Amino acid sequence: MGSHLDLVIVGIFMTVLVLVGAAFGRLIKNSSDYFRAGGQGCWWMVGSSIFICGISAYTFVGNAAGIYSAGWSVLAIYLANFLSFVAAIFGLGAWYRQMRAFTFAEVIRKRFGVVAQQVVAHLLVFNGFLWSGVGLYTLAVFMAPLLPGASINATIITVAVVVVLFCTIGGNWAVMANDFVLGMVMSVIIVIITAMCFIKAGGIGEFFTAIAQSPAAPNLQFIHSVPAGKSDWVEKYGLSWVLITFIVQFVNQASLFQGVRYFSVKDGREAKKAAFLAAVLMGAGLLAFFVPPIFSRVFLEKEVLAMHPNPVKAMEYSYSVACAHVLPAGTFSILIIAIFSASIGHLDVGLNRNAALIVRDLIPAHRRLLKLAPINPDREVRLSKIVTVLSGLLVVGIAMLYALIRDASIFDVMLKIVTQLIFPQVIPLLLFLFIRKVPKWSIFSSLVGGYIPTLILWVITLTTKTQFSYQQNGFLVFFGGTIGFLISRLFWNRVSEQERKEILEFYQEMHTPINFKEEVGENNDSFQFVTLGRFSTLIGGLFLFMLIPVHSFDGRIVVCCISGFVGTVGLLLWSTGRRNLKKEAAAKAADRT
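Since the model is a prediction, treat every value here as computed from it, not as a measurement.

Definitions and limits used
Residues numbered from 1 in each chain as written. Predicted model: local features only at pLDDT ≥ 70, side-chain atom pairs only at ≥ 80, totals over all residues. Heavy atoms only, no water. Helix = DSSP H or I, 4+ residues; strand = E, 2+ residues; numbered from the N terminus. Rg over C-alpha atoms; globule rule 2.2 N^0.38 Å. Buried < 20%, exposed > 50% of the residue type's maximum accessible area, 1.4 Å probe, protein only. Contact = heavy atoms within 4.5 Å. Areas by Shrake-Rupley, 256 points an atom, 1.4 Å probe, with all protein chains shown as cover. Lys, Arg positive; Asp, Glu negative; His and termini not counted. Charge placed at Lys NZ, Arg CZ, Asp CG, Glu CD. Phe/Tyr/Trp six-rings, centres within 6.5 Å; stacked < 30°, edge-to-face > 60°. Lys NZ or Arg CZ within 6 Å of the ring centre and 35° of its normal. Patch = residues over 30% accessible without salt bridge, like charges linked within 9 Å, V, L, I, M, F, W, Y side chains within 5 Å. Salt bridge = Lys/Arg side-chain N within 4 Å of Asp/Glu carboxyl O. Axes fitted to C-alpha atoms, helices over the stretch in contact; angles between N-to-C directions. Parallel < 35°, antiparallel > 145°, perpendicular 65-115°, else oblique. Nonpolar A, V, L, I, M, F, W, Y, C, P; charged D, E, K, R; others polar. Core = buried A, V, L, I, M, F, W, Y, C linked by side-chain atoms within 4.5 Å. Polar contact = N/O pair within 3.5 Å; in protein donor to acceptor, adjacent residues only side chain to side chain. Expected span 1.5 Å × (residues − 1). Disulfide = S-S within 2.5 Å.

What follows deals with the overall build of the chain. Across its full length, the chain holds 27 helices and 0 strands. The C-alpha atoms of the chain give 24 Å as radius of gyration, which agrees with the globular expectation for 593 residues (25 Å, within 12%). Expressed as lengths along the three principal axes of its C-alpha atoms, the size of the chain is roughly 75 × 70 × 40 Å. Here the chain holds 593 residues, and 60% of them are scored as buried. If you take every contact in the chain between residues at least 6 apart in sequence, the share linking residues at least 24 apart comes to 86%. Of the accessible surface of the chain, which amounts to about 23900 Å², a share of 66% is contributed by carbon and sulfur atoms. Between the mean site of the 46 positive side-chain charges and the mean site of the 30 negative ones, the chain shows a separation of 4 Å.

Printed below as a string of structure tokens:
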């Protein structure tokens, strides 16, 4: 499907990302800048980063396979994402920023104590590596058959090198800046791909009519009918599957585990704006992510099944098959760029977040345990860069391990990992925001309550070969973790006055608005506007070079739409930044006089 020219185009695009990282590396002066952009990020940059870090090649591979197989049932995942952003608009985003922390483990220490901080930090670092590896692996799986001579392992290593390079140079500033560029490019591309699917189907109405008349229609419903004699709690994609999937995803996205994304914004109001932008982008994605795989199921089923001898693995190519069919000749590169954008935007956040946990929480604790002197703050940035590089190597190794999975669907595998390993950890990280009169050990009772069902089901499966469904496991984990947290509420009366005072102070701080000038200092909004404006304009111009291999009228329209959108946004940012710089210069001149 691809060509050697696609490799050149992707290579140029990735080079620009490294340059963006280098440009924003100028803002790195301390670990606060490196891990949370000094709490100075503009809402539009943070909002786009929040959106893109929830998207990866897994969206176009694993989730696409799920959509191809289950249809609209997978909408539960994206609805949960959307509503988690809505919750952030109405309070959660501001609360997370006003916790005034670098990492979520620091929040755990403030609310639940040092022991909880270390336990949760170790667990979440493990989660971060696991999930980053998924994003890198699925990108490689997607790209290997599309690019000439690109093996899975070679793709894994190449992408990791680029991401580690700009993450190491520019830290969280580079992550957010590149996420803005990546999100902008990916969004316009997936909208164009969706529109092309509608056009090929004969129109929007004809597309949905074709779905209704397709033999696959029963398998594409939002809630699937359960066969006679079967239980809804055992069969896939029924009501229980949809509900549990929604709950698992919403708790994960709304919890402190993802709330760290708001630490970089300037204050609570900016956090709400960032959440609003993320919600708008995700709302648009509710349709855009679904149409191509369903188009493949209805119109291109034979072509999809021809991609792999195992039908379960073949489904993972449903998105790319649709794109190869609907995109004009010579424009397939735009899909490759979109997938790279999604994957890099997911991976860079994971690396930066894990490096923050390791440097700010794990290493200091281990040094105290070994009775070593604390790390010199002046060396934290250098240490952070070393940890980022080592983390990248580990993620590469994990991605290569995923490549050994031959027969199982990556969609089903990740649902099990999220439900059994990650879900128990994030339940208390959401409940503590609303159920406040609980002792510090409540997080441990919740973790125990969440993991016990998984352990019991594992033992039963190993000893009796009895298999349990995803929704059965998910419900028991949610029930156990929630009950474990609520039980601790009964012991509130036994909490000491000192502990109550510390807990009260935590929530008072969480509700206290950020005074940006006093707590952070001067903003650098103009630099963000101008720098991202210049690079966006450059990328918009570079897209025009794709007109050279594209000879069809439709193809040139597609290229011009992408170039025009990206370039226009870039020019608007650039001009806004220049106006701000003039106002700042005039204000400084007035102060001197």
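Glancing now at the packing of aromatic side chains. The relative placement of two aromatic rings is captured by the distance of their centres and the angle of their planes. What the rule picks out here adds up to 28 aromatic pairs. For the ring pair tyrosine 78 and phenylalanine 289, a centre distance of 5.4 Å and an interplane angle of 25° mean the geometry is stacked. Taken together, the residues tyrosine 78 in helix 6 (residues 75-97) and phenylalanine 289 in the loop between helix 13 (268-288) and helix 14 (291-299) connect sequence positions 211 residues apart. Here tyrosine 78 matches phenylalanine 289 in class, with each residue buried. On the numbers, 6.1 Å between centres and 45° between planes, the contact of phenylalanine 432 with phenylalanine 506 is tilted. Linking phenylalanine 432 in the loop between helix 21 (428-431) and helix 22 (442-464) with phenylalanine 506 in helix 24 (residues 497-511), this pair joins segments that are 74 residues apart in sequence. Take phenylalanine 432 and phenylalanine 506: they sit in the same class, and that class is buried. By the ring-pair criterion, three or more aromatic residues cluster together here, those being Phe60, Trp72, Tyr78, Phe198, Phe207, Phe208, Phe289, Phe290 and Tyr319. The ring of tryptophan 95 has arginine 436 lying over it, and the distance from NZ or CZ to the ring centre is 5.3 Å.

Let us now look at a nonpolar patch on the surface. Residues Trp233, Val234, Trp441, Phe475, Leu476, Phe479, Ile483, Leu486, Ile487, Leu490 and Phe491 make up a contiguous nonpolar surface patch of roughly 1000 Å² in combined accessible area. On the accessibility criterion, phenylalanine 491 (33% relative accessible area) is partly exposed.

Once that is clear, we can look at the packing of helix 14 against helix 17 (residues 318-326). Taken N-terminus to C-terminus, the directions of helix 14 and helix 17 make an angle of 80°; their axes are 8 Å apart at the nearest point. Of the possible angle classes, the one that applies to helix 14 and helix 17 is roughly perpendicular. Across the interface between the two elements, Pro292, Pro293, Phe295 and Ser296 from helix 14 touch Ser318, Tyr319, Val321, Ala322, His325 and Val326 from helix 17. Across the contact of helix 14 with helix 17, the residue classes break down as 7 nonpolar, 3 polar and no charged.

All right, on to the nonpolar core then. Core analysis: the biggest nonpolar cluster contains 196 residues, and Met186, Leu256 and Phe432 have the highest contact counts within it. For this core, the element with the highest residue contribution is helix 9 (residues 152-201), accounting for 28 residues. When residues no more than four places from it in sequence are discounted, the contact partners of methionine 186 are Phe51, Ile52, Ile55, Phe60, Phe289, Ala338, Ser341 and Ala342.

Within the secondary structure, asparagine 172 is located in helix 9. For asparagine 172, a relative accessible area of 8% gives the class buried. Within the local environment of asparagine 172, its side chain forms a polar contact with the side chain of asparagine 352, the two groups lying 3.3 Å apart. Residues contacting asparagine 172, with those up to four places away along its chain left out, are Asp33, Tyr34, Phe35, Arg36, Ala37, Ser264 and Asn352.

All right, on to the environment of arginine 353 then. Relative to the elements of secondary structure, arginine 353 occurs in helix 18 (residues 333-369). Placed 51 residues apart in sequence, arginine 353 and lysine 302 show a C-alpha to C-alpha distance of 42 Å. Aside from chain neighbours lying at most four places away, what touches arginine 353 is Phe104, Phe257, Gln258, Val260 and Arg261.

Residues three or four positions apart in an α-helix share a direction because the helix packs 3.6 residues into each turn. Here helix 26 (residues 525-543) contains 19 residues, and its C-alpha end-to-end distance of 27 Å stays within 8% of the 27 Å for a straight helix at 1.5 Å per residue. Within helix 26, 15 of the 19 residues are buried, which leaves the element mostly enclosed by the surrounding structure.

This next bit is on the pattern of salt bridges. In this structure the tally under the stated criterion is 8 salt bridges. A salt bridge links lysine 110 to glutamate 509, with the shortest nitrogen-to-oxygen separation between them at 3.4 Å. Taken as a pair, lysine 110 in helix 7 (residues 104-112) and glutamate 509 in helix 24 lie far apart in primary sequence, 399 residues in all. Given a relative accessible area of 28%, glutamate 509 falls into the partly exposed group.

The subject of this paragraph is the state of the cysteines. Evaluated as defined, the whole model comprises 0 disulfides. You can see cysteine 561 has no disulfide; the closest cysteine sulfur is in cysteine 560, sitting 7.3 Å from it.

With that settled, consider the environment of leucine 83. Relative to the helices and strands, leucine 83 resides in helix 6. Using a relative accessible area of 35% as the deciding quantity, one classes leucine 83 as partly exposed. Residues leucine 83 and glycine 283 lie 200 residues apart in sequence; the distance between their C-alpha atoms is 9.5 Å. The contacts of leucine 83, once residues within four sequence positions are left out, are Phe246 and Phe250.

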